Amino acid sequence: VQLQASGGGLVQAGGSLRLSCAASGSIFSFGVMGWYRQTPGNQRELVATITRDGKITYSESVKGRFTVSRDHAKNTVFLQMNSLKPEDTAVYYCNADVPAWGSQYWGQGTQLTVSS
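Conventions and cut-offs
- Residues numbered from 1 in each chain as written.
- Predicted model: local features only at pLDDT ≥ 70, side-chain atom pairs only at ≥ 80, totals over all residues.
- Heavy atoms only, no water.
- Pairing = 2+ DSSP bridges.
- Helix = DSSP H or I, 4+ residues; strand = E, 2+ residues; numbered from the N terminus.
- Axes fitted to C-alpha atoms, helices over the stretch in contact; angles between N-to-C directions.
- Salt bridge = Lys/Arg side-chain N within 4 Å of Asp/Glu carboxyl O.
- Buried < 20%, exposed > 50% of the residue type's maximum accessible area, 1.4 Å probe, protein only.
- Patch = residues over 30% accessible without salt bridge, like charges linked within 9 Å, V, L, I, M, F, W, Y side chains within 5 Å.
- Areas by Shrake-Rupley, 256 points an atom, 1.4 Å probe, with all protein chains shown as cover.
- Phe/Tyr/Trp six-rings, centres within 6.5 Å; stacked < 30°, edge-to-face > 60°.
- Lys NZ or Arg CZ within 6 Å of the ring centre and 35° of its normal.

Q: How would you summarise the sheet that holds strand E7 (residues 66–71) if you had to cite specific residues and measurements?
A: What holds strands together in a sheet is hydrogen bonding between their backbones, with the strands either parallel or antiparallel. Read across the open sheet, the four strands follow the order E1-E3-E8-E7; overall the sheet is antiparallel. Here the strands that pair on one side only, and so sit at the sheet edges, are strand E1 (2–6) and E7. For this sheet, the mean angle separating the axes of adjacent strands, direction not counted, is 15°.

Q: If you had to explain the pattern of salt bridges to someone new, which residues and values would you point to?
A: Applying the stated criterion across every chain, the model contains four salt bridges. Ionic pairing is found between Arg37 and Glu45, a salt bridge with its closest N-O pair at 2.8 Å. By relative accessible area, Glu45 is classed as partly exposed at 38%. For the salt bridge of Arg37 with Asp88, the shortest nitrogen-to-oxygen distance reads 3.0 Å. With a gap of 51 residues between them, Arg37 in strand E4 (residues 33–38) and Asp88 in the loop between strand E8 (76–81) and strand E9 (90–98) connect regions that are remote in the sequence. Each member of the pair, Arg37 as well as Asp88, is classed as buried. One connected set of salt bridges, linked through shared partners, spans Arg37, Glu45, Arg65 and Asp88.

Q: How would you summarise a nonpolar patch on the surface if you had to cite specific residues and measurements?
A: The grouping of Val1, Ile27, Phe28 and Trp101 at the surface amounts to a nonpolar patch, some 410 Å² of accessible area in total. When you line up the elements, Trp101 lands in the loop between E9 and strand E10 (103–106).

Q: Tell me about the packing of aromatic side chains, and please be specific about residues and values.
A: Summed over all chains, the structure comprises two aromatic pairs. Plain terms: the ring middles of Phe28 and Trp101 are 5.6 Å apart, the flat faces sit at 85° to each other, and that makes the pair edge-to-face. Here Phe28 is found in the loop between strand E3 (17–24) and E4, whereas its partner Trp101 is found in the loop between E9 and E10, with 73 residues between them in sequence. Note that Arg44 overlies the ring of Tyr93, its terminal NZ or CZ placed 3.6 Å from the centroid. The ring of Trp106 has Arg44 lying over it, and the distance from NZ or CZ to the ring centre is 4.6 Å.

See the structure below:
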């Protein structure tokens, strides 16, 4: 299974950016898909997840600013990020699980830098 993330970059505070992550390599359906982020010296933290039937979870720090969605046909999960803040600066990782295998997978990470 491979997760290919894209869309990171440098943006000014208050700006917007959209991350995408395409999953491939599984003959079974992906279950929960989502995004986590990590800054140097800190643990990876949840940003947002979405289940196969559309149940969504957000961290408190991004509620109202970020929107997670998925395209089932393309096994792709998106993260629309608005009203970005410098504290959103991190490496963002996509994540997906395959319930039939009891396994979860990570993408390679994409850097988001928000300048003040």
